[in-house]
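Below are the chains, spelled out letter by letter.
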Amino acid sequence: MSRLVAVSNRIPLGDNPSGGLVVALQDALRTSGGLWVGFSGETVEDPAEALAFHEGAAFQRASFDLTPQDHDEYYLGYSNSVLWPVCHGRADLMRILPEYLDGYRRVNERIARLLAPHLREGDRIWIHDYQLFPLAGELRKLGVRGPIGHFLHIPFPGPADCATLPNPPELFEWLSHYDLLGFQAQRDLDNFAASARSLTDAEQVSDHDFRIADRHIRAGVFPIGIDADSFVAEAEGAREEDRMRSLTGSQMMIGVDRLDYSKGIPQRFRAFQYLLENDPSLTEQVMLLQIAPPTRESVEAYQQIREETEHLAGRINGQFATVNWTPIRFIHRPIPRNELAGLYRQSRVGLVTPLADGMNLVAKEYVAAQNAADPGVLILSRFAGAAEAMTEALIINPHDPWELAQAMQQAIAMPLDERRDRHAALLRGVVEQDVGWWSATYLRALAQAPG
Ligand code: ADQ
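Within an unreviewed UniProt entry, the label attached to the chain reads Alpha,alpha-trehalose-phosphate synthase [UDP-forming], and the organism entered is Paracoccus haematequi. Quoted verbatim from the Sequence similarities (unreviewed entry) field of UniProt, the annotation for the chain is "Belongs to the glycosyltransferase 20 family."

Written out as structure tokens, the structure reads:
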């Protein structure tokens, strides 16, 4: 089998990296032999103009450093202050500076330059996410001819959002150099097709085939999954349950998110506030544990969401807390995976209520972690890619606090039989379409893409 070369913005360099994407790529890279390339996480004034290779894994890993300026313009700038808000329907939070787009192009060009000398005839190249859209085009300029695929982990914007980008047709020019575009959900493929037709003279040849700038591109839906077996084992081994039960004495609802404005955390808090206002019998009976480590803190929109959520949690706690009970517990740290699995397992309700989300792996982790004999209930936003398949969750509109509060009430009161039925159906999907299935399905499609 030909060698797989994966490129992602960050590369995990620790000895035992974990996480869904890491596990999936590790499996795929092990079976065919491979190379994984990404940013080391280090910014230095004068980075080496060559990849640094790392020992210690079953496949090769190679990283590069960035200058602080590159990191500001390419990563914090164009990637996270332009593309991220636009892809999540928040063009109002976009911050456009001319140097951002320049830096984004420049870093992608540099990654191509660093990578090209290590590529061999017949390699399959798999590029991940919105930070690296232009990479295929840059590699093509350097003479790379083999199959190149892209997978987008976040939503693809529809025509109205795409039109807010600084130079909308350029996005499609970047994408036109790939053989296969992978999306999380049908919604994203539909948005891609509609945006390409409205903003370029692209032609849609069939459900999955497009002609853009005389190039043939295939696009498909490949919903990402989790490493379900290891997550189930993690949850079964967790012994947090008893400790936390005695600590809280009440039913727990849990939210686990990076602290990001796309995740709908304030909306979730407000819905909880309505629930407590409208049903005083829940006083001291239910609490919300929100685990949300801050990310991208030097971007202003992230400072604002942190202030807003902290303020709101403080206000709600001030309004309802008793001597024995704090309704919202807000933890700003990352939690080890086994502990997280234990917390999911003891929570009666899993709250996954993003305003926009590519997939949302927390929804799948929550289901995998449940005790099948007495499972909790997943409340899931219709705007998470996960909602396309996880139809047995309580699907809600996160913008409507009344609807969400009602779903919380329904989940807390749901009879055991119904909880079991819903959970069994959800778990089947999570186990069948796990992360190994995802990468195998994508790579099969890449092998068949017309090129
Ligand atoms: P994210 O936006 O990061 O990913 P998500 O899919 O929920 O969102 O993944 C977050 C991961 O981080 C989960 O595995 C979760 O367990 C973990 N995590 C979050 N908070 C944590 C904490 N405090 N401690 C420990 N772990 C924590 C992007 C897209 C998603 C898409 C994924 C994968 O935005 O839509 O599902 O990529 O494609």
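More follows now that the structure is in view.
**Q** Would you mind going over the site of the ligand with me for this structure?
**A** With respect to spatial proximity, 22 residues lie near the ligand, and among them His153, Ile335, Asp357, Leu361 and Glu365 are the closest. One nitrogen or oxygen atom from the main chain of asparagine 360 is found 3.0 Å from an oxygen atom belonging to the ligand. Contact distances for the ligand include 2.5 Å between an oxygen atom and a side-chain N or O atom of glutamate 365. About the coverage of the ligand: the protein hides 84% of its 710 Å² of free accessible area. Secondary structure elements with two or more residues in the shell around the ligand: helix 12 (337–346) and helix 13 (361–369). Per-element accounting of the shell around the ligand gives the leading share, three residues, to helix 13. Tallied by class, residues from the shell around the ligand come to 13 nonpolar, four polar and five charged. Residues from two domains meet in the shell around the ligand; each of domain 1 (4–225 + 435–448) and domain 2 (228–432) gives at least three.

**Q** Before we go on, may I ask you to explain the packing of helix 8 (residues 228–237) against helix 12 in this structure?
**A** Between two packed helices, the angle of one axis relative to the other and the distance separating the axes together describe the packing. Put simply, helix 8 and helix 12 touch, their axes get as near as 8 Å, and they point 75° apart. Of the possible angle classes, the one that applies to helix 8 and helix 12 is roughly perpendicular. On the side of helix 8, the interface is formed by Phe231, Glu234, Ala235 and Glu236, while helix 12 contributes Arg337, Asn338, Ala341, Tyr344 and Arg345. Here the residues of the contact of helix 8 with helix 12 are counted per class, giving four nonpolar, one polar and four charged.

**Q** Help me out: how do you make sense of the sheet that holds strand 12 (residues 286–291) in this one?
**A** Neighbouring strands of a sheet are bound in pairs by backbone hydrogen bonds; such pairs are parallel or else antiparallel. Pairing is parallel across the open sheet formed by six strands, whose spatial order is 13-12-11-14-15-16. Of all strands in the sheet, those bounded by a partner on one side alone are strand 13 (328–331) and strand 16 (394–396). Within this sheet the neighbouring strands show an average axis-to-axis angle of 20°, counted without direction. Pairing of strand 12 with strand 13 involves four bridges; the strand directions are parallel. Counterpart to isoleucine 291 in the pairing with strand 13 is isoleucine 331. Across the sheet, helix 12 is in contact with strand 11 (251–256) and strand 12; its angle to strand 11 comes to roughly 135°.

The rules behind these values
- Residues numbered from 1 in each chain as written.
- Predicted model: local features only at pLDDT ≥ 70, side-chain atom pairs only at ≥ 80, totals over all residues.
- Heavy atoms only, no water.
- UniProt positions renumbered as here; feature names shortened; annotations may be inferred.
- Near = heavy atom within 4 Å.
- Polar contact = N/O pair within 3.5 Å; in protein donor to acceptor, adjacent residues only side chain to side chain.
- Areas by Shrake-Rupley, 256 points an atom, 1.4 Å probe, with all protein chains shown as cover.
- Helix = DSSP H or I, 4+ residues; strand = E, 2+ residues; numbered from the N terminus.
- Nonpolar A, V, L, I, M, F, W, Y, C, P; charged D, E, K, R; others polar.
- Domains from an automatic or database assignment.
- Axes fitted to C-alpha atoms, helices over the stretch in contact; angles between N-to-C directions.
- Parallel < 35°, antiparallel > 145°, perpendicular 65-115°, else oblique.
- Contact = heavy atoms within 4.5 Å.
- Pairing = 2+ DSSP bridges.

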